[in-house]
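# Structure assessment
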Amino acid sequence: MQPMQPPFLPWRERNGKLSPLKLVVFVALFLPAAWTAGSFLLDALGPRPLNEAIHQIGLWTIRFLFISLAMTPARQALQWPRLVLVRRMVGVAAFSYGVIHLALYIGDQSFNLWTVASEIALRFYLTIGFIALLGLTALATTSTDAMIRRLGGRRWRRLHQLVYGIGLLGTVHYFIQSKLNVWEPMIVAGLYGWLMAYRVVAWRTASGRVPLWVLAVLSVAAGATTALGETLYFWLWMGAPPVLVLAANLSLETGVRPGWVVLAIGLAFTAAAVVRAPSKTIRLRPA
Ligand code: HEM
């Protein structure tokens, strides 16, 4: 007789045991959507509730996407292999929030699918968002155990490298629709740079170990590139004198600029890695 398989429940491990980590993450992933839905029902989303809901859910789409991109560095640098248990869940959440984001947009267009399709075809930032969502769909639908087995580990991993391009498209979509207020998209772009630079370092490391000082250097470089990127943006789009913008970016007098935030996040991550890794190196592959 075949042994009984435990029913598939997202908060259980493969052996059927309850995983507190999976349970906490599973519940947490619903909270932003529940908050937005509750605020909508209580009429607390301002004069254009549907548009506000599109914004809130769009923000969580990109946040979950970036959290899933940060899983591999976090797993390696913080020596926390169990994070792999929730990576798929967070990725699927990014996809689900992307679908809700599109559904809300369709609702905002009075369910006129012709208008939705022509807007997506004609507005560059919507076209980019749509391509990013198609990419997320490809990743989510190939995330089941059966699909991983069918594609084989190597092909599956290559397909899932699409996530780097999707992260870039999501960032550009966010950037363009933000128009003048680019404070948070700048931070997202800087963190994207950090995450990609980390991948390049990891790919090029033959020894399988990365010294922790490399993380600190990546953080300083990502912070400085973000400050330069913001300077370039205001110069090219608004003709603001680059020297003045850069000076304002580097001083803290005009508030905490994105470059500082990216630097602080990178250094906080490095500090956590220092505490977790007594050998002061990151082991990229399990021993
Ligand atoms: C068919 C796909 C998509 C459509 C039609 C769409 C549409 C929109 C619209 C209409 C807005 C608000 C723009 C405004 O009010 O001026 C928006 C904002 C946004 N979208 Fe999308 N989007 C799509 C896909 C995505 C994807 C895949 C992501 C993330 C990876 C994303 C992330 C965002 C973010 C972060 C914002 C800005 C939120 C804010 O600043 O408050 N969108 N999107």
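Because the structure is predicted, anything quoted here is derived from the model rather than measured.

## Side note on the site of the ligand
- In the vicinity of the ligand lie 23 residues, with His 55, Gly 58, Gly 129, Phe 130 and Gly 170 positioned nearest.
- Those elements that place two or more of their residues in the shell around the ligand are helix H2 (49-77), helix H3 (84-108), helix H5 (124-141) and helix H8 (162-178).
- Among the elements that make up the shell around the ligand, the one with the highest residue count is H2 (eight residues).
- For the shell around the ligand, a count of residues per class yields twelve nonpolar, eleven polar and no charged.

## Section: the domain arrangement of the chain
- Assigned domains within the chain: domain 1 (18-178) and domain 2 (182-287).
- The centre of domain 1, based on its C-alpha atoms, is set 23 Å off from the matching centre of domain 2.
- Each side of the interface is counted separately: domain 1 has 17 residues, and domain 2 has 19 residues.
- Looking at the side of domain 1 that touches domain 2, the elements that each hand over two or more residues are H2 and H8.

## Considering the confidence of the model for the chain
- Per-residue confidence for the chain gives a mean pLDDT of 91; residues scoring 70 or more make up 97%.
- Per-element averaging of pLDDT across the chain places strand E2 (residues 281-283) at the bottom with 78 and helix H4 (residues 113-122) at the top with 98.

## As for the packing of helix H10 (residues 212-238) against helix H11 (residues 242-250)
- Running from N to C, H10 and H11 point in directions that differ by 140 degrees, and their axes come no closer than 9 Å. Of the two elements, H10 crosses H11, and the hand of that crossing is right-handed. Two secondary-structure elements touch here, H10 through Ala 227, Glu 230, Thr 231, Phe 234 and Trp 235 and H11 through Pro 242, Val 245, Leu 246, Asn 249 and Leu 250.
- When grouped by side-chain class, the residues that make up the contact of H10 with H11 number seven nonpolar, two polar and one charged.

## Some words on the packing of helix H1 (residues 20-41) against H2
- Taken N-terminus to C-terminus, the directions of H1 and H2 make an angle of 175 degrees; their axes are 10 Å apart at the nearest point. Between H1 and H2, the interaxial angle falls into the category roughly antiparallel. Facing H1, whose interface residues are Pro 32, Ala 33, Thr 36 and Phe 40, H2 presents Pro 49, Ala 53, Gln 56, Ile 57 and Trp 60.
- Partitioning the contact of H1 with H2 into residue classes produces seven nonpolar, two polar and no charged.

## Considering the nonpolar core
- Counting 46 residues, the largest nonpolar core has Phe 64, Ala 93 and Ala 94 as its most contacted members.
- For this core, the secondary-structure elements that each account for two or more residues are H1, H2, H3, H5, H8, helix H9 (183-204), H10 and helix H12 (258-276).
- Each of domain 1 (18-178) and domain 2 (182-287) accounts for three or more of the residues forming this core.
- Discounting chain neighbours no more than four positions away, the residues touching Phe 64 are Val 90, Ala 93, Ala 94 and Tyr 97.

## With respect to unusual backbone geometry
- Look at Ser 110: it is not a glycine, yet its phi comes out positive at around 55 degrees.
- Positionally, Ser 110 belongs in the loop between H3 and H4.
- For Ser 110, a count of 8 C-beta atoms within 10 Å corresponds to the exposed category.
- Phi at Phe 111 takes a positive value of approximately 60 degrees, unusual for a residue other than glycine.
- Within the secondary structure, Phe 111 sits in the loop between H3 and H4.

Rules used in this analysis
- Residues numbered from 1 in each chain as written.
- Predicted model: local features only at pLDDT ≥ 70, side-chain atom pairs only at ≥ 80, totals over all residues.
- Near = placed C-beta within 6 Å.
- Helix = DSSP H or I, 4+ residues; strand = E, 2+ residues; numbered from the N terminus.
- Nonpolar A, V, L, I, M, F, W, Y, C, P; charged D, E, K, R; others polar.
- Domains from an automatic or database assignment.
- Contact = placed C-beta atoms within 7 Å.
- pLDDT = per-residue confidence, 0-100.
- Axes fitted to C-alpha atoms, helices over the stretch in contact; angles between N-to-C directions.
- Left-handed = near helix turned anticlockwise from the far one by under 90°.
- Parallel < 35°, antiparallel > 145°, perpendicular 65-115°, else oblique.
- Core = buried A, V, L, I, M, F, W, Y, C linked by C-beta atoms within 7 Å.
- Buried ≥ 20, exposed ≤ 12 C-beta atoms within 10 Å, placed from the backbone.

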